[in-house]
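Remarks on the overall topology
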Amino acid sequence: MQHLTRSLKDGSSLVYAWFDAMHTRIDIMLWDPVMSPEDMLAVAAAIRGDVIRIEEMGSCFIPDSEVSAINSSLPGVPVRVSEELYRILYGCLEYNDRTEGLFDVTASPLLPGVKMQDKIRLEPDGSVTRIHEAARINLSGFLKGYALDRAVKEARRNDLRNGLVSFGNSSVGAFGNHPNGEGWPVASVDIPGKNHLLKDSFLTTSGNADENRKHIINPWNGQFIQGKGMVSVITGTAEEGEVMSTVAFIRKNIETNNTRI
């Protein structure tokens, strides 16, 4: 983890740290009128450690992660997972139900229109069963939101009053105030020239930054959404922001093309 420290006119310190994880750059800016730079750096290091731990648990791109173990298991054979991943998947199933299936971490071109509950099953003993041979879990953006929520909670748990944490600019959380004023001004990703003032809230953006970007699947028809376009939302938690921005982007595409399937 790299970092910079700046002393401010009032005698307080501003700490800026950054590192790579979850296929993006994570930036942390912390400011507190009484906390030492060393203590703030210790908080930043704790955040980094937790982010890496979460990635190693929930990334489908890491061969020995818990999610990869589920994805490589035989259909119908339960895989025991940690209580944490079980809770994450339980939450994803709830979001899937609440969004008419539009938020689906198992969305695939191979299984268009298949409900998430018909692709994976959470067993009462804490294990997860892959029901369909083609079913795979990809937590991607949701995992970033989950980790961002924990990062902000970690800072507050250590009595840090002000800070901003950014996961590649697409998931940004701010608490307290910037040294120069109320809240934290954050540039909009989807609307050039527009700024958002974040305070104890999260800004999340989903979509395609350019015409060639294709990574979000419409679960109803199994097709990747094509074309440039993005949607941003401001929410009370980053987890909720990942869900809402993804669903809003998919709905916008459905409405634009006037089609469900």
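First, a word on scope: everything that follows refers to the structure included in this document.

Conventions used here
Residues numbered from 1 in each chain as written. Predicted model: local features only at pLDDT ≥ 70, side-chain atom pairs only at ≥ 80, totals over all residues. Heavy atoms only, no water. Helix = DSSP H or I, 4+ residues; strand = E, 2+ residues; numbered from the N terminus. Rg over C-alpha atoms; globule rule 2.2 N^0.38 Å. Buried < 20%, exposed > 50% of the residue type's maximum accessible area, 1.4 Å probe, protein only. Contact = heavy atoms within 4.5 Å. Areas by Shrake-Rupley, 256 points an atom, 1.4 Å probe, with all protein chains shown as cover. Lys, Arg positive; Asp, Glu negative; His and termini not counted. Charge placed at Lys NZ, Arg CZ, Asp CG, Glu CD. Pairing = 2+ DSSP bridges. Axes fitted to C-alpha atoms, helices over the stretch in contact; angles between N-to-C directions. Polar contact = N/O pair within 3.5 Å; in protein donor to acceptor, adjacent residues only side chain to side chain. Phe/Tyr/Trp six-rings, centres within 6.5 Å; stacked < 30°, edge-to-face > 60°. Lys NZ or Arg CZ within 6 Å of the ring centre and 35° of its normal.

**Section: the overall build of the chain**
If you tally the helices and strands in the chain, you get five helices and 14 strands. Relative to a compact globule of 261 residues, whose C-alpha radius of gyration would be 18 Å, the chain shows 19 Å and is just as compact. Each principal axis of the C-alpha distribution contributes one length, and for the chain these read about 60 × 45 × 30 Å. The buried share of the chain, taken over its 261 residues, is 52%. Considering only residue pairs separated by 6 or more positions, the chain has 56% of its internal contacts joining residues 24 or more positions apart. On the chain, roughly 13,000 Å² of surface is accessible, and the fraction owed to carbon and sulfur atoms is 50%. In the chain, 27 positive and 33 negative side-chain charges are present, and the distance between their average locations comes to 3 Å.

**Overview of the sheet that holds strand E5 (residues 120-122)**
Overall, antiparallel pairing links the three strands, which are arranged E4-E6-E5 in an open sheet. Each edge of the open sheet is held by one strand with a lone partner, namely strand E4 (79-80) and E5. Pairing of E4 with strand E6 (residues 127-130) involves two bridges; the strand directions are antiparallel. What sits directly across from Val79, in E6, is Val128. Across the sheet, helix H3 (residues 83-98) is in contact with E5 and E6; its angle to E5 comes to roughly 120°.

**Some words on the side chain of Asn162**
Mapped onto the elements of the fold, Asn162 is located in strand E7 (residues 162-167). A polar atom in the side chain of Asn162 sits 2.8 Å from the backbone nitrogen of Asn177. Every residue in contact with Asn162, bar those within four places of it in the chain, is listed here: Met29, Leu30, Trp31, Asp32, Pro33, Phe175, Gly176, Asn177 and Trp184.

**Topic: the packing of aromatic side chains**
Going through the model one piece at a time under the given rule, you end up with four aromatic pairs. Residues Tyr95 and Phe103 carry aromatic rings whose centres are separated by 6.1 Å and whose planes lie at 75° to one another, so their mutual orientation is edge-to-face. Phe103 shares its class with Tyr95; the two are buried. Ring pairing ties together the aromatic residues Tyr95, Phe103 and Phe142, which thus form one cluster. Stacked on the ring of Phe19, the Lys or Arg Arg48 has its end atom at 5.9 Å from the ring centre.

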